[in-house]
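# Fold and geometry: a report
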Amino acid sequence: MGEVDPAFILEPEHRPRISYIEGKGVPLIDLSPILSSNNVSAIEFEGLVKEVGDACKEWGFFQVINHGVPLEKREKIDDASRKFFEQSLEEKRKVRRNEKEVFGYHDTEHTKNVRDWKEVFDFAIQEPTILPASLDPDDKEVTECNNQCPEYPPGLRETCQDYGQEMLKLSYKLLELIALSLGLPADRFYGFFKDQTSYIRLNHYPPCPTPELALGVGQHKDGAVLTILAQDDVGGLEVKRKTDGEWVRVKPTPDAYIINVGDTMQVWSNDSYESVEHRVTVNSERERFSLPFFLHTAHYTMVKPLEELINEQNPAKYRAFNWGKFIANRKCSNFQKLNVENLQIYHFKISE
Ligand SMILES: O=C(O)CCC(=O)C(=O)O
Ligand SMILES: [Fe+2]
């Protein structure tokens, strides 16, 4: 990645500023009231539900501490990720993603048709993961996708599986809090995750000689229900603040996870909660590692506003869409430079 290929260069209006605003305001939420060993008062619990609801509404992003994920599990996957990316390109490309194998290594990802300054390794939570065979909305055929596992570092598969289980446990806790904050039963979202298409991504952002012209990940929204992200101490994640549209940096906080509302949750909540744009800046000195977990429903889920949240005064703002076809469409545009805009939830918006 030494030389700057024009495919990485952003249009001037999308280039990052070299100075940045530190994340004043991205809420930091202490989840200790729901750690199983704690006795929590009703007031404390209601306070936490409100805090989560307010963060989803006002920011679409928050950080959590005292989340119950053992630090050793995070350190273990972080270490495995560093070892994997340290290898030669030739080794890494042995587990390369392609049109058939959708999980694995990838070093030419595009966000909104500009190449990202990063390399990734994707690992599915469910094996096999069932996905649509094609983008064609009328084609009902599906394919079984498995993980590709590198020889090195040994045990990467088990490390990822183990970490994945921790991510699911934290997801369910967060989904309960979010459901309650929307006035729904705590278990309202549970039914969506049989046959889920969730995955863990290992991200590596090498130092970039021209950080003012390129991005590690261009500005985008996650399609997920939720994303749970671990970032290292380098920093670079920026969130578009809802109040004024400024790009604000999410300050690295030791052992915290960054949570963001994805497009699926935005649609389910009928726009009460919003999936917010974010991006990753790179720098010329230090490489950066991050570990997002994308919580996704089954491919056959028809994503639409929840019945309980719509009525005559507040009608559905979206038409139902098929999750599998939506994600397949996104993945396809991440693969190569296309001359069309990639699929977004507003394409399913019902005009008012
Ligand atoms: O690396 C990060 O901090 C965020 C990455 C991200 O937004 C993504 O992979 O969707
Ligand atoms: Fe993202």
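As annotated in an unreviewed UniProt entry, the protein chain is Fe2OG dioxygenase domain-containing protein from Castanea mollissima. Per UniProt, the protein chain carries the Sequence similarities (unreviewed entry) text "Belongs to the iron/ascorbate-dependent oxidoreductase family."

One can find I310 in the loop between β18 (302-303) and β19 (321-322). The class for I310 is partly exposed, based on 14 C-beta atoms found within 10 Å. Note: C-alpha distance between I310 and N270 (40 residues apart in sequence) is 7.6 Å. Excluding its chain neighbours within four sequence positions, the residues that come into contact with I310 are N270, P305, P315 and A316.

Here we have 8 strands laid out as an open sheet, ordered β2-β3-β15-β12-β17-β10-β7-β4, and mixed in their pairing. In the strand order of this sheet, the two ends are held by β2 (28-30) and β4 (104-106), each with one partner. Put simply, the sheet's adjacent strands are angled 25° from each other on average, direction ignored. Summarising the sheet, strand β3 (residues 61-65) and strand β15 (residues 257-261) pair through 4 bridges and their orientation is antiparallel. The partner of F62 across the bridge, within β15, is I259. On the sheet, helix α2 (residues 71-86) packs against β7 (119-124), β10 (199-205), β12 (226-231) and β17 (288-295) and is oriented at approximately 120° with respect to β17.

If you check the shell around ligand 1, you find R201, N203, V217, D222, L229, Q231, L237, H278, V280, S290 and P292 and nothing else. Of all elements in the fold, only β10, β12, β16 (278-280) and β17 reach the threshold of two or more residues within the shell around ligand 1. For the shell around ligand 1, the residue count by class is 5 nonpolar, 4 polar and 2 charged.

When the UniProt feature table is mapped onto this chain numbering, "domain: Fe2OG dioxygenase" (unreviewed entry) sits at residues 196-297. In the segment residues 196-297, helix accounts for 6% and strand for 39%; the C-alpha atoms at its two ends are 5 Å apart.

Glancing now at the packing of α2 against helix α4 (residues 156-181). Two numbers describe how α2 lies on α4: the axes approach to 9 Å, and their chain directions differ by 140°. With respect to each other, α2 and α4 are oriented oblique. At the point where α2 passes α4, the crossing takes the left-handed sense. Contacts from K73, K76, I77, A80 and F84 in α2 reach L156, T159, C160, D162, Y163 and E166 in α4.

With that settled, consider the pairing of β7. Burial analysis of β7 places 6 of its 6 residues in the buried class, the great majority of the element. Judged by which residues are buried, β7 turns out to be covered on both faces: E119, F121 and F123 on one side and V120, D122 and A124 on the other are all buried. Relative to β10, β7 runs antiparallel, the two being bridged by 6 bridges. If you follow V120 over to β10, its bridge partner there is N203.

Across soluble globular proteins, you tend to see nonpolar side chains buried next to one another. In terms of nonpolar packing, the biggest core is built from 78 residues, with F62, I200, L226, I228, Y257 and I259 touching the most fellow members. Look past the residues within four positions of F62 in its chain and what remains in contact with it is V26, P27, I29, A55 and I259.

What follows is about helix α1 (residues 42-58). Residue pairs spaced three or four apart in an α-helix point in one direction, given the helix's 3.6 residues per turn. For α1, spanning 17 residues, the distance from its first C-alpha to its last is 24 Å, which sits close to the expected 24 Å at 1.5 Å a residue. Taken together, the buried positions of α1 are L48, V52, A55 and C56. Down the axis of α1, the sector holding all buried residues measures 100°, keeping them to one side. The exposed residues of α1 that point more than 90 degrees off its buried face are A42 and I43.

The rules we used
- Residues numbered from 1 in each chain as written.
- Chains lettered and ligands numbered in written order.
- Predicted model: local features only at pLDDT ≥ 70, side-chain atom pairs only at ≥ 80, totals over all residues.
- UniProt positions renumbered as here; feature names shortened; annotations may be inferred.
- Helix = DSSP H or I, 4+ residues; strand = E, 2+ residues; numbered from the N terminus.
- Buried ≥ 20, exposed ≤ 12 C-beta atoms within 10 Å, placed from the backbone.
- Contact = placed C-beta atoms within 7 Å.
- Pairing = 2+ DSSP bridges.
- Axes fitted to C-alpha atoms, helices over the stretch in contact; angles between N-to-C directions.
- Near = placed C-beta within 6 Å.
- Nonpolar A, V, L, I, M, F, W, Y, C, P; charged D, E, K, R; others polar.
- Parallel < 35°, antiparallel > 145°, perpendicular 65-115°, else oblique.
- Left-handed = near helix turned anticlockwise from the far one by under 90°.
- Core = buried A, V, L, I, M, F, W, Y, C linked by C-beta atoms within 7 Å.
- Expected span 1.5 Å × (residues − 1).
- Arc of directions from axis to C-beta.

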